[in-house]
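The primary structure of each chain is shown beneath.
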Amino acid sequence: MATTRAIHDMSQSRKAAASGWIGSALEYYDFFIYATAASLIFPQIFFPSDNPTVAIVASLATYGVGYVARPIGAFVLGHWGDTHGRKTILLVCMFLMGLSTMAVGILPTYQQVGILAPILLVVLRLVQGFAVAGEISGASSMILEHAPFGRRGFFASFALQGVQAGQILAAAVFLPLAAYMPADAFNSWGWRIPFLLSFFVIVAGYIIRREVDETPAFAREESRGETPRAPIVQAIRLSWPDMLRVICMALMNVIPVVATIFGAAYAVQPAYGIGFAKDVYLWIPVLGNMVAVFVIPFVGNLSDRIGRKPPIIVGALLSGLLAFVYLYAISIKNVPLAILVSLLMWGVVYQGYNAIFPSFYPELFPTRTRVSAMAISQNIGTTITALLPALFATVAPPGSANIPMTVGAIAFGITVIAALAAVTARETYRIHIDDLGNPAAVPMAQADYERRRAGKANSAAAVQT
């Protein structure tokens, strides 16, 4: 009986991790093909202007619009996740994101319908932002609550590995199109192909997610009648200090903004005069994310041994410093150096934060308000950083001097804030899941923790054999 239960538990842990991976891959494939198109294509086809700076700022601002909807989505979807379960909310998020992304692929352009085109684009971007607001918090909570004790960091990291894989897929779809299609064909219809391909990932995601059980932690809350009617109110009333910390740590989204949004516009838009080819520049985030896919599980596993805080603090500060070097490499038109620094900043160092927050954030909150508290605070933080591409293009417009120093200084200052927030947070990796969110919870003794963690690993090995 115990063996059967262990097999079931491990199977659900793996299915939950796979569900988080595929869902995150889908949602962030969708999100980042938009981001790529906003940097490379949309200024010309949705926001034509005699002033190239206006077109760039307008296009990047629509990227930010998606983040404006995130807090709204976080309130609605977070409430749903804490009152109706993690599984339901993840299916809702997946379908909303997939369908809105496919709709972008059939939009008319500005030349065809005038001002209606960017209006429709903004509406669909709002739906995307609403949907993605519940994905990471729901997926992280589901994986965390299914994960074996002592391996929560490792299992939860797969949600973010899926994010990186989605970004790889997004850029990988654009690469052959940008490289081999004639420019006129790409600008007229080729850019639509990546958006329409979302259909296939929706099908795969649904098949996987329907096989995952509701989490034991949520099931216990529900069986005891302890699911709150107003989890948002409880979260703010009881956990506001940790929610504030998560808001500040989520400002680390400045690094992908620098790497994949402003960096892309700075490198390829003719107004900036750098002149990177679109297909060449797209390899920079692709290669960085390829490295990240391998680094993330390693860092997640490391956090189960040394704690969540050290990787986040080191990752925040070092990636902020590397932002200067990355932008400088673009400014001197040195493609090999830009790629190398991207691999370090985005692919390796930033993952000290990126691989850890899917376990660290939900561990700061109790089961009954976990999805709401994480979704609201994380999405407020990322919404703030979504304003940065337009800000960067405004304070460092084409023709201005010291662009790497200006943008790099802002990015580094933000990463310092994130690091300080992590410093003030409590360590969570040795706290039992039923005690998470309790500031007075006593962590398990290190020796006992290591013994129990080793026992779980041995049980998993026995199940495999």
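In every chain, residue numbers begin from 1 and rise along the written sequence. Whole-chain, interface and lining totals are the exception, using all residues; otherwise, since this is a predicted model, local features are given only for residues with pLDDT of at least 70 and side-chain atom pairs are given and counted only at 80 or more. Heavy atoms from the whole structure form the basis of all side-chain values; hydrogens and water molecules are not counted.

Caption draft 1: Representation of the overall build of the chain within the structure. Summing up its helical and strand segments, the chain has 24 helices and zero strands in all. Over its C-alpha trace the chain gives a radius of gyration of 22 Å, about what one expects of a compact globule, namely 23 Å for 465 residues. Overall, the C-alpha framework of the chain stretches about 70 × 45 × 40 Å when taken along its three principal axes. Residues counted as buried form 58% of the 465 residues belonging to the chain. Throughout, a residue-residue contact means that at least one pair of heavy atoms, one from each residue, lies within 4.5 Å. Across the chain, every contact between residues at least 6 apart in sequence was considered, and the portion connecting residues at least 24 apart equals 85%. Helix and strand definitions follow DSSP, with helices as H or I runs of at least four residues and strands as E runs of at least two, each counted in order from the N terminus. Both definitions apply: the radius of gyration is a C-alpha atom measure, and the globule rule equals 2.2 Å times residues to the power 0.38. Between buried and exposed lies partly exposed: a residue is buried under 20% and exposed over 50% of the maximum accessible area for its type, with that area taken using a 1.4 Å probe on protein chains only.

Caption draft 2: Highlighting helix α7 (residues 116-132). Take the number of residues in a helix, subtract one, and multiply by 1.5 Å to get its expected span. The terminal C-alpha atoms of α7 lie 25 Å apart, and with 17 residues this matches the ideal 24 Å at 1.5 Å per residue to within 8%. When α7 is considered as a whole, its buried residues turn out to be Ala117, Pro118, Leu121, Leu124, Arg125, Gln128, Gly129, Ala131 and Val132. Along the axis of α7, the buried residues cluster in a sector spanning 160 degrees; they form a single face. This arc is taken over the directions from the axis of the helix to the C-beta atoms.

Caption draft 3: Molecular detail of the environment of Leu77. Considering the arrangement of structural elements, one finds Leu77 in helix α4 (residues 70-84). Separated by 195 residues in sequence, Leu77 and Tyr272 have C-alpha atoms that sit 40 Å apart. Not counting chain neighbours up to four residues away, the residues in contact with Leu77 comprise Ile89, Val92, Cys93, Phe130, Ala131, Gly134 and Val371.

Caption draft 4: Molecular detail of the pattern of salt bridges. Just to be clear on terms, a salt bridge is a Lys or Arg side-chain nitrogen sitting within 4 Å of an Asp or Glu carboxyl oxygen. Across all of its chains, the model carries ten salt bridges by this definition. For Arg220, the salt bridge identified is with Asp434, shortest N-O distance 3.1 Å. In this pair, Arg220 is assigned in helix α13 (residues 216-223) and Asp434 in the loop between α23 (403-424) and α24 (446-464), connecting sequence segments 214 residues apart. Looking at Arg220, the relative accessible area reads 31%, which means it is partly exposed.

Caption draft 5: View of the packing of helix α5 (residues 86-104) against helix α8 (residues 135-146). All axes are obtained by fitting lines to C-alpha atoms, using only the stretch in contact for helices, and the reported angles, taken between N-to-C directions, cover 0 to 180 degrees. Where α5 meets α8, the axes come as close as 9 Å, and the angle between the chain directions of the two elements is 145 degrees. The handedness of the crossing between α5 and α8 is left-handed. On α8, the residues that touch Arg86, Lys87, Leu90 and Cys93 of α5 are Glu135, Gly138, Ala139, Ser141, Met142 and Glu145. Nonpolar residues are Ala, Val, Leu, Ile, Met, Phe, Trp, Tyr, Cys and Pro. Charged residues are Asp, Glu, Lys and Arg, and all others, Gly as well, are polar. Looking at side-chain class alone, the contact of α5 with α8 contains four nonpolar, two polar and four charged residues. Working rule for handedness: look at the near helix, and if it is turned counterclockwise from the far one by less than a right angle, call the crossing left-handed; if clockwise, right-handed.

Caption draft 6: Quick look at the nonpolar core. Ranked by size, the top nonpolar core spans 117 residues in total, and within it Phe42, Phe46, Trp191, Met249 and Tyr353 carry the most contacts. Examining the composition of this core, we find that twelve residues originate from one element, helix α1 (residues 2-40), more than from any other. Leave out the neighbours within four places in its chain, and Tyr353 touches Met249, Ala250, Met252, Pro311, Ile312 and Tyr361. Put simply, buried Ala, Val, Leu, Ile, Met, Phe, Trp, Tyr and Cys residues joined by side-chain atoms within 4.5 Å make one nonpolar core.

Caption draft 7: Highlighting the packing of α8 against helix α21 (residues 370-386). Contact geometry of α8 with α21 gives a least axis separation of 8 Å together with a crossing angle of 140 degrees. The pairing of α8 with α21 is recorded here as oblique in orientation. The chirality of how α8 crosses α21 is right-handed. Counting all contacts with α8, which are made through Ile136, Ser137, Gly138, Ser140, Ser141, Leu144 and Glu145, the residues of α21 involved are Arg370, Val371, Met374, Ala375 and Gln378. A per-class count over the contact of α8 with α21 returns five nonpolar, five polar and two charged. Any angle that falls under 35 degrees is termed roughly parallel, while one over 145 is termed roughly antiparallel, one within 65 to 115 roughly perpendicular, and all others oblique.

Caption draft 8: Quick look at helix α14 (residues 231-249). Here α14 spans only 22 Å end to end across 19 residues, well under the 27 Å set by a 1.5 Å rise per residue. Bending is quantified residue by residue as the angle between axes fitted to the seven-residue window ending at that residue and the seven-residue window starting at it. At Ser239, α14 shows its largest bend, some 90 degrees, and a proline, Pro241, comes one to four positions later. Those residues of α14 lying buried are Pro231, Ile232, Ala235, Ser239, Asp242, Met243, Val246, Ile247 and Met249. The inward-facing, buried residues of α14 abut α4, α17 (309-331), α19 (351-354), α20 (357-363), α21 and α23.

Caption draft 9: Layout of a nonpolar patch on the surface. Each patch is assembled from residues with relative accessible area greater than 30% and no salt bridge, linking like charges that lie within 9 Å and nonpolar side chains (Val, Leu, Ile, Met, Phe, Trp, Tyr) that lie within 5 Å. With residues, only the protein chains shown are counted as cover, and all accessible areas are computed by Shrake-Rupley using a 1.4 Å probe. There is a patch of nonpolar side chains on the surface, built from Phe95, Leu99, Leu197, Phe199, Phe200, Val203, Tyr206 and Ile207 and spanning about 720 Å² of accessible area. Of all elements in the fold, only α5 and α12 (198-209) reach the threshold of two or more residues within the nonpolar patch. Element by element, the count of residues in the nonpolar patch is highest for α12, at five residues. Considering the arrangement of structural elements, one finds Leu197 in the loop between α11 (193-196) and α12.

Caption draft 10: Focus on the packing of aromatic side chains. Stacked, tilted and edge-to-face are the three classes applied to pairs of Phe, Tyr and Trp rings, where Trp contributes its six-membered ring and a pair requires centres within 6.5 Å; stacked means planes under 30 degrees apart, edge-to-face means over 60, and tilted covers the rest. All chains considered together, the criterion is met by 17 aromatic pairs. Residues Phe324 and Phe412 carry aromatic rings whose centres are separated by 6.4 Å and whose planes lie at 50 degrees to one another, so their mutual orientation is tilted. Taken together, the residues span a long stretch of sequence, with Phe324 in helix α17 and Phe412 in helix α23 at a distance of 88 residues. When its relative accessible area of 25% is taken as the criterion, Phe412 is described as partly exposed. Where Tyr429 meets Tyr449, the ring centres are 5.3 Å apart and the plane angle is 80 degrees; that geometry is what we call edge-to-face. Taken as a pair, Tyr429 in the loop between α23 and α24 and Tyr449 in helix α24 lie far apart in primary sequence, 20 residues in all. Comparing Tyr429 with Tyr449, the two get one shared label, buried.

Caption draft 11: Highlighting the side chain of Ser359. In this structure, Ser359 sits in helix α20. Setting aside its immediate chain neighbours within four residues, Ser359 contacts Leu144, Arg152, Gly153, Ala156 and Arg308.

Caption draft 12: The side chain of Arg86, seen in detail. Secondary-structure assignment places Arg86 in helix α5. Residue Arg86 is classed as buried on the basis of its relative accessible area, which comes to 0%. Apart from the residues within four sequence positions on either side, Arg86 is in contact with Gly81, Gly138, Ser141, Met142, Glu145, Glu214, Thr215, Phe218, Thr367, Arg370 and Val371.

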